[in-house]
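Structural overview
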Amino acid sequence: MVNIELQQTVLDLLKNFKGIDPLKELFWAQLNYERVNQPLSRRGWAENLTRMLADNPLLFAGGGHDDAFHVIYLKLASDKLLIGYERPIVLKLLREHPYALFVFSNELQDRWHFINVKHDEDIEKRRIFRRITVAREERLRTASERIALLDLDAIDGDLFGISPLAIQKQHDEAFNVEAVTKLFFEEYKSVFNILQNDLAKQTKDRQWAHDYALQFLNRCMFLYFIQRKGWLGGDREFLKTFWGTYNEISQPPDTFVDNWLKVMFFEAFNNKFHGGHRHFPKNIGDILQMAPYLNGGLFMENDLDRKYPFTITDSRFKQIFTFLERYNFTIAEDSPLDQEVAVDPEMIGKVYESLVNVSEETSERGDAGIFYTPRIEISLMCRLALTDYLANHLGENYKSLVYELVFAIEPDEKVAADKRCADAGLWERLHELLKEITVLDPACGSGSFLVGMLHILNDLINRSNKSLKRREDPYELKKQIIGNSLYGVDVMGWACHVAELRLWLALIADVEFDP
């Protein structure tokens, strides 16, 4: 049963989540966990792990039989939330705290990760990290809904109370990324169908209405990834500011899309914005003047834009805006073992591959070979292809070692595989092969295979650089892989534009600079 009142209380807490007091209020008072407040010693930890934390871990709450489910707080010795720090710390603690939720903050205690660790069903020793981010600039509706599901009072117990396993299962369900993805996709389809029908009624061309509705909604969705980086005037809620400003000043009705949004799409994102648009207030004009140049076809005016006169009314845009505002967006696409409980750029691919060219009479999507492939399968295909490529060049006698190298995902697996490659004297040749590789996806769709290959090549080259004691700038390395190694072709031109933009997002995901 959904507890709406609890969700609102949790949301109100998350909006002002700074310092440890709101965390204790959340678990002790609202989610009904027991107070513990027991510091955990770092004695015996490796020095590098110890340095990652500002203080000892704090087991501050428990639940279930003998409080055997643990909620552990960890303050990083950094003003940022570094995912690279979190995984080794959690893996260390899991040995003594198998049923647990891990809550990390930065040193200022104004950015938070709630981390659920789920066992990989296929490979027992691997752990899937699912995280919810809480910070002032985040949208917190989804976070509040998922965290409210952790309420102990909502879990049925037995004669002896609630088992830690039952609590763990409830946490696993609350952090289920697929549940959030499914809900977003169903709501997207509903908004898409309404917009498509509206446009078809105006133009009497249902195929055009289908294609334009998909293009328009994905342009809007991409805005959320751009503003997530603060690249629209430093405003991570720019679209809300943009839409709000339009409504506050005197503008002709039903002109937001034509006179405001299209100017941003076709001019600002293509380095063509000029000062002649006198309907924009100065602050908005200045932001559009400095908007990033998106060198991809998604924001170039095309035949779909020019084919018919049509209107997307303010009320229709408000419906789209309200839907998108309900979700948190992240530009970092998950690895198979790290997942953000948010909407990431893969969703553009899912939408494209699920809705593009679906007619009422036949499944053109199926005829065109367009199908959504889950990320875990993409990762498997990329790694198998790389294993074959490397083994073909190194010799079949090295294939098992290459397989171990490419399929190493956990830190300890990578250390072991990398050492075996060093002992075999393979790193220099491996580095050459990884730098020379050419990857072609002849039916790239929205770029899922290319994005997956980018992440795996980036990881392997970084590991080879470490083994060979070389250094490369992270941004330049990714840029080099995209520019020299990854190629995609598709009969759908729009698909290629989406693939370009997903690779661009992957390139800038972890980079801090002005575009």
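Description of the structure in this document. Source: prediction; values computed, not measured. (Residues numbered from 1 in each chain as written. Predicted model: local features only at pLDDT ≥ 70, side-chain atom pairs only at ≥ 80, totals over all residues. Heavy atoms only, no water.)

**Concerning the environment of Gln 227**
Looking at the element boundaries, Gln 227 is found in helix α8 (residues 206-228). Using a relative accessible area of 1% as the deciding quantity, one classes Gln 227 as buried. Among residues more than four places away in sequence, those in contact with Gln 227 are Arg 139, Leu 232, Asp 235, Arg 236, Glu 237, Phe 238 and Leu 239. Looking at Gln 227, its side chain comes within polar contact range of the main-chain nitrogen of Leu 239, at 2.9 Å. (Helix = DSSP H or I, 4+ residues; strand = E, 2+ residues; numbered from the N terminus. Buried < 20%, exposed > 50% of the residue type's maximum accessible area, 1.4 Å probe, protein only. Contact = heavy atoms within 4.5 Å. Polar contact = N/O pair within 3.5 Å; in protein donor to acceptor, adjacent residues only side chain to side chain.)

**A short note on the packing of aromatic side chains**
Between two aromatic rings, the relevant description is the distance of the centres plus the angle of the planes. Using the criterion set out here, one finds 41 aromatic pairs in the structure. The lysine or arginine in question, Arg 87, covers the ring of Phe 129, its NZ or CZ lying 4.2 Å from the ring centre. The ring of Tyr 327 has Arg 141 lying over it, and the distance from NZ or CZ to the ring centre is 5.1 Å. (Phe/Tyr/Trp six-rings, centres within 6.5 Å; stacked < 30°, edge-to-face > 60°. Lys NZ or Arg CZ within 6 Å of the ring centre and 35° of its normal.)

**Some remarks on the sheet that holds strand β5 (residues 111-119)**
Strand order in this open sheet of seven strands is β1-β2-β3-β4-β5-β6-β7, and the pairing throughout is mixed. Because the sheet does not close on itself, it has two edges, and the strands there are β1 (34-39) and β7 (338-340). When strand polarity is set aside, the average angle formed by the axes of neighbouring strands in this sheet is 25°. By the bridge criterion, five bridges tie strand β4 (residues 100-105) to β5 in an arrangement that is antiparallel. Within β5, the position partnered with Phe 104 by the bridge is His 113. On top of the sheet, helix α4 (residues 83-94) reaches β3 (69-75), β4, β5, β6 (127-135) and β7; it is set at about 125° to β6, its chief contact. (Pairing = 2+ DSSP bridges. Axes fitted to C-alpha atoms, helices over the stretch in contact; angles between N-to-C directions.)

**With respect to the environment of Gln 8**
Tracing the backbone through its elements, the reader meets Gln 8 in helix α1 (residues 4-14). Here the alpha-carbon distance between Gln 8 and Phe 114, two residues 106 residues apart in the chain, equals 18 Å.

**With respect to the side chain of Gln 109**
Considering the arrangement of structural elements, one finds Gln 109 in the loop between β4 and β5. Given a relative accessible area of 16%, Gln 109 falls into the buried group. In terms of polar contacts, Gln 109 uses its side chain to reach the side chain of Tyr 73, at 2.7 Å. What Gln 109 contacts, discounting residues up to four positions off in sequence, is Phe 17, Lys 18, Gly 19, Ile 20, Tyr 73 and Lys 75.

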